[in-house]
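Chain by chain, the residues:
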Amino acid sequence: MVDMYASLRSNVGTLGQILGDTIRTDLDESFLEKIEQIRHLAKSSRQGDDAAREEMLTLLSSLNDDELVPFAKAFNQFLNLANIAEQFHTISRNCDELVCVPDPVEQLLGRMLGGNIDQEKVLACLKTLDIDLVLTAHPTEISRRTLIQKYSAVIDSLTALENTQLTEQEKKQHHLRLRQLIAQIWHTNEIRNERPTPVDEARWGLSTIEASLWQAVPDFLRQLNQQVEERTNTQLPIDIAPVRFSSWMGGDRDGNPFVTSVVTQEVLDRNRHTAARLYLKDVVLLVNELSMEGANDELLAYTNNSCEPYRDVLRDLRKKLRATIDYLNAKLEGQQPDVNPKDIIWYESDLKDPLMMLYKSLCDQGMSLIANGLLLDMLRRIACFGIHMLRLDVRQDAERHADVIAELTRYLGMGDYSHWDESEKQSFLLRELSSKRPLIPANWQASAEVEEVVKTCRLVAKQPARAMGSYVISMASKPSDVLAVLLLLKEAGCPHPIRVVPLFETLDDLNNASDCMSALFNIDWYRGYTKGTQEVMIGYSDSAKDAGVMAAAWAQYSAQEKLVAISKEANINLTLFHGRGGTIGRGGGPAHEAILSQPPGSVDGRIRVTEQGEMIRFKFGLPKLAVQSLALYTSAVMEATLLPPPEPKPEWRECMERLADDSVLAYRAMVREEPDFVSYFRAATPEVELGKLPLGSRPAKRRVDGGIESLRAIPWIFAWSQNRLMLPAWLGAGEALKMATDRGDLPLLQEMEKQWPFFKTRISMLEMVYAKAEPNLSKFYETSLVKKELHHLGVQLRERLATGIEAVLELTQAESLMAHTPWNRESVELRNPYIDPLNFLQAELLARTRREEQSSQNVELALMLTIAGVAAGMRNTG
């Protein structure tokens, strides 16, 4: 039998061996032997060898202070290198058909054009697709940017080594390069010394585009065009951009006091600076390429019959791009440079129009082969990235806008807006929105917090339309939340309509979302403002933290159904913005399945989705991977549009309602009603210690004095993934499935799992988190860290976990979890011998730091490294 994972294991082995050699050189043979001994004991322990487990624990607890950091570092990097090998395997020549998509673009169109759908419909859908992937920093990538660049270089070397034509000398050179890179990785500090700023996060997002997406977008469109041409004998439009990119990095100020209007302006300037720099590289290459003389009348007239008309136009663009970079450099240095907009790239048309003229001239002169090279790539980059690289969203809490208006009405002697009821608020806001006079007096001295919101609105008002994305209102629940933002933008002098997007996050808000939007659609002024389009954001993280994954998923599905219905009735084109995280507990999971499991009619060629933290690297960190991800998104949105899933049967809905009701009760009975739950959570996980890890720019809590409800969804989930219980991703769901089975609903559940993509995806996600959960490890944390009188809670939680696993296996009729996705199971099993020792050591170090008033620097750093290592091993951490 062929071992499908032989090449993967071979690469893991090669990278692991080089790391071992590096450690041996840096430290000594005996230390490396101890590491290997612990790894082998971890493997044996996994197979039920209790003596091996005890020996491993003895070795771990006997590590002295000087050994802690190199030990944690070794296992951390073993896991990072395993991740690299796996990431590479999905794009490797030796990849098997169960793991990777040999040609994702071919599969995409094969499924669409090879089926029973009218070809014209497929092409029309493709040309009008509007997929917006929104890069967000939370949880920000746990790996430092310098290490990410080295990991990418390792993959380049692995790719080169696959070339069967290499000479022995060339192979030796690539192996030498691998050894050098892994030595660099080993000698680089993995933990940042300081927490990243919002600007650092934004620069990290830009580096992903520069390193990967800048190349992947035109590559993807070229492959897509080739497939369309072969199948339909037609070409895609020059400026097609089925997938575009936006960002929250530097614009998301919800609960982050470090994101100010000054920061947002700097990020906007940096985005534009990066775009200008990358376009300049393209233009320099085009100056070398487009040396031809033949041109059409338009170009000849434009260049006064130049003998090098293409180069003349490109030289002018080169000059303008250099001037643009100089102008933005001066701005970033804090100057206010005086510039004539005609001398730089001020509007997108300044760059696009001259290039389109060159493209048309080449085609007119019979040189379309040349036109469709780098010049076409550049035009398609402009269609995707514009001159601002990423459209920046702004996000702010609804309460902050209400505070501005309340302070203003009090100052003007109009009463206190915060004490008015909803109808009074709406009347006031609509009256002011229709008024010709300004509301905010020129001499008004607002409080610092209010002034910051006003400054942000003024900043948004000054930006070109293509620079900004949506203005997202978190914790939105009422029409006045939306109208308040529109009034503030009007007062700021915004010259063009901005997409103002309510974000419905909690269970109650999701359930009331359609009522809120229906009330807005019934306001004549608001309908006129929308011009027939509306974006609504669905929150996954906070709804799951509020109600558990099963109830939250059904609330999200139901809210979308109702929003689609009322939008259709009001003749409004709805775009749903899905605020997903990397983890299952925050709405994460495979994007293709997630999109196809949405309610019928909810996609309709348009979708926005957040791509968060470490998932950005896993999906878009390499050009080939990024092409796959772009193809998967395009395919899923086309399929959901042209072949929508079935409407759920009435009996499916009833069953799902019962599951949601049962699951939310089971979830809240533990999280909200169990008086000792918070104490158990804080003791049994490194939740408190996570605050010391310089992960992202945003505080872990919305309120310093709050409990679970004020804790952000990311540390809530991150903490439970560290002790391997994975609780937020399953609590309540398995118990509800067991109750349904006991009621005799098993045949109905099995029918739903086979025929309803929404339910099938939920069960598949549950299987994945159950497979990653390790009750024995969580019990070890409990024994080491939790006082005995709270141990009963751990017993209950592990019983609930076992109940859920049993219920899912009974439903799927499988002998083991993830039996139908062997690649995912292999991926989990590959990492366990490396993650387990880090978990055991982490629990030991947590116990040490909590016992001692002052821990040594080595203990603190080793603890941080175990957190980073477990996160690397678990992949989707937060």
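This text goes with the structure placed above it.
Residues numbered from 1 in each chain as written. Predicted model: local features only at pLDDT ≥ 70, side-chain atom pairs only at ≥ 80, totals over all residues. Heavy atoms only, no water.

Engineer: What is the right way to read the packing of aromatic side chains from this model?
Structural biologist: Between two aromatic rings, the relevant description is the distance of the centres plus the angle of the planes. In the structure shown here, the tally under the stated rule is 28 aromatic pairs. Taking 5.0 Å as the distance between ring centres and 65° as the angle between the ring planes, the aromatic pair formed by W214 and Y279 counts as edge-to-face. Here Y279 lies in helix α10 (residues 261-289) and W214 lies in helix α9 (residues 198-232), a separation of 65 residues in the sequence. The pair W214 / Y279 is uniform in exposure class, with both members buried. Here Y557 and W756 contribute two aromatic rings whose centre-to-centre distance is 5.7 Å and whose plane-to-plane angle is 85°, an arrangement assigned as edge-to-face. Note that Y557 is positioned in helix α23 (residues 549-569) and W756 in the loop between α32 (746-755) and α33 (757-772), a separation of 199 residues in sequence. Of the two residues examined, Y557 and W756, each falls in the buried class. Members of the aromatic cluster, each reached through a chain of ring pairs, are W214, F245, Y279, F385 and F620. The ring of Y417 has K425 lying over it, and the distance from NZ or CZ to the ring centre is 5.1 Å. (Phe/Tyr/Trp six-rings, centres within 6.5 Å; stacked < 30°, edge-to-face > 60°. Helix = DSSP H or I, 4+ residues; strand = E, 2+ residues; numbered from the N terminus. Buried < 20%, exposed > 50% of the residue type's maximum accessible area, 1.4 Å probe, protein only. Lys NZ or Arg CZ within 6 Å of the ring centre and 35° of its normal.)

Engineer: Please clarify how the environment of T641 should be interpreted in this entry.
Structural biologist: Checked against the element boundaries, T641 lands in helix α26 (residues 623-642). Separated by 40 residues in sequence, T641 and G601 have C-alpha atoms that sit 7.0 Å apart. When neighbours within four sequence positions are excluded, T641 is seen to be in contact with C125, V603, D604 and G605. Within polar-contact distance, the side chain of T641 engages the backbone oxygen of V637 at 2.6 Å. (Contact = heavy atoms within 4.5 Å. Polar contact = N/O pair within 3.5 Å; in protein donor to acceptor, adjacent residues only side chain to side chain.)

Engineer: How should the pattern of salt bridges be read in this particular structure?
Structural biologist: Should the charged atoms of two oppositely charged side chains come close, the side chains can pair. The full count for this structure, using the stated rule, is 50 salt bridges. Across the pair K360 and D364 runs a salt bridge whose closest N-O atoms are separated by 3.5 Å. Residue K360 and its partner D364 are located together in helix α13 (residues 348-364), separated by four residues, close to a single helical turn. Of the residues examined, D364 reaches a relative accessible area of 44% and is grouped as partly exposed. The partner of E535 in a salt bridge is R608, and the shortest N-O contact between them spans 3.0 Å. On the criterion of sequence distance, the pair formed by E535 in strand β6 (residues 533-539) and R608 in strand β8 (residues 606-612) is long-range, its members being 73 residues apart. You'll find E535 and R608 in the same group, each marked buried. Salt bridges here are not isolated pairs; linked through shared partners, they connect D132, R391, D393, R499, E535 and R608. (Salt bridge = Lys/Arg side-chain N within 4 Å of Asp/Glu carboxyl O.)

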